[in-house]
Amino acid sequence: MDNKDAKPATIAAQALGWIDESTRAVSPGLHVSSTYVRDVDNGYRSGRIYARADNPAFDQPEAVLAALEQGAAAMVFASGVAAATACFLALKPGDHVVAPKVMYWSLRHWLMTFARDWGLDVELVDMSDNDALRRAMRPSKTRLVWAETPSNPLWDITDIAAAAAIAHEAGALLAVDSTVATPVFTQPIALGADIVMHSATKYLNGHSDLIAGALVARVDDEYWQRIKSVRVQIGAILGSFESWLLLRGMRTLYPRVKTASAGAQRIAEHFAGHPRIAQVLYPGLPDFPGHVIAARQMKGGFGGMLSIRVKGGEQAAIGTAANVRVWKRATSLGGVESLIEHRASVEGANSPCPPDLLRLSVGIEDVVDLMGDLEQALKT
């Protein structure tokens, strides 16, 4: 089958079908050289000069991700934060940017501190409210709208198509953190986004053994080239072995994410209305505020992330997390193992996260084991 006609799950599993032409190996070799030989005529016919910009280890994972996201180009980074901040560092001091009030905490903290000190005019809005986003736009001044959907840790949904229209009308670009949705369920570029960001540490890799980030562009334009320059000049690059691990992880992306999403749906439905839980937050529940939009732009599932708000407040939530046996008490998400975390403790002062909230990252274990473990922890 031609890769142009292959389904996304096939593209991921076969990593575009590339093989090592010199050895005919199915799994790519590990390229660790930091520099490349110049030709006798002083040129570089190989197209490679120095690994900070030209590492062949980037080629295959970037090509696979661009294909899955239906983008023109992709870049891998040393972390999700490195990828996200590169989008803002490619702007200029004084530019106005809009971001969600509730979002990935590390990026939110960076925007409210470093980015503002550097000179960006950062405004936080409720991105699930199109009217609020529209009011925040400043034509010819707003350069970038940053969306995260579903957003961590309340899983609010942004209407990507509507946000893209609002941003473009004001002359701004739309970037979407699609870490939780993954390419399995959503392709933001097809809905109008200009940039897609992934914390590749999470679902793209999926094995809790790698820190990485990635960006995908709708078009390879001047802004994309500025982002590429930021990556090279700041040195926010992924190592060769880490690039190899990322590609290895993406080959199982579809079965992992679909299994986690199915498990999260069952867990959310099981604990909705539970006597010891005040609220279950999951886009796959019909009464979730963003469910209708999520169902429209997330095809085939609603992701492996949910949160529960425990009756009894902060101490009850912390006590529940302390008594799990199958779930692991750890930060991060998107791995094959299920994680539980009292998120407000991690985010600290000024966090918008409710103190009674536990964030759950559903892995690929038997969902009956996961539900039983959470039941006994809530009772304890």
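Please refer to the structure higher up on the page.
Residues numbered from 1 in each chain as written. Predicted model: local features only at pLDDT ≥ 70, side-chain atom pairs only at ≥ 80, totals over all residues. Heavy atoms only, no water.

### Re the packing of aromatic side chains
Evaluation of the coordinates by the stated rule reveals four aromatic pairs. Ring centres of F88 and W146 lie 5.3 Å apart, and the angle between their planes is 40 degrees; this geometry places the pair in the tilted category. Of the two residues, F88 is situated in helix α4 (residues 80–89) and W146 in strand β4 (residues 142–148); the sequence distance between them amounts to 58 residues. With a centroid separation of 5.4 Å and 20 degrees between ring planes, the pair formed by W110 and F114 is classed as stacked. (Phe/Tyr/Trp six-rings, centres within 6.5 Å; stacked < 30°, edge-to-face > 60°. Helix = DSSP H or I, 4+ residues; strand = E, 2+ residues; numbered from the N terminus.)

### Description of unusual backbone geometry
The step from T149 to P150 runs through a cis peptide bond, and the omega angle for that step is -10 degrees. Inspection of the secondary structure puts P150 in the loop between β4 and α7 (160–169). Note the cis peptide between N152 and P153, where omega equals 5 degrees. Even without being glycine, L16 reaches a positive phi, approximately 70 degrees. Residue class for L16 comes out buried when judged on its relative accessible area of 12%. Phi at R24 is positive, roughly 65 degrees, even though this residue is not glycine. Following the sequence through the fold, R24 ends up in the loop between α1 (8–13) and α2 (51–54). Given a relative accessible area of 54%, R24 falls into the exposed group. (Buried < 20%, exposed > 50% of the residue type's maximum accessible area, 1.4 Å probe, protein only.)

### Quick look at the pairing of strand β5 (residues 173–177)
When you tally the buried positions in β5, you get four out of five residues, the bulk of the element. Sheet topology note: the β4/β5 ladder contains five bridges and is parallel. When the sheet's bridge partners are listed, E148 is paired in β5 with D177. Relative to strand β6 (residues 195–198), β5 runs parallel, the two sharing three bridges. (Pairing = 2+ DSSP bridges.)

### Quick look at the pattern of salt bridges
Across all of its chains, the model carries 17 salt bridges by this definition. Between D41 and R45 there is a salt bridge, and its shortest N-O distance comes to 3.2 Å. Accessibility expressed as a relative area gives 64% for R45, which makes it exposed. Residue R143 pairs with D95 through a salt bridge whose shortest N-O separation is 3.7 Å. (Salt bridge = Lys/Arg side-chain N within 4 Å of Asp/Glu carboxyl O.)

The analysis is restricted to geometry; functional conclusions fall outside its scope.
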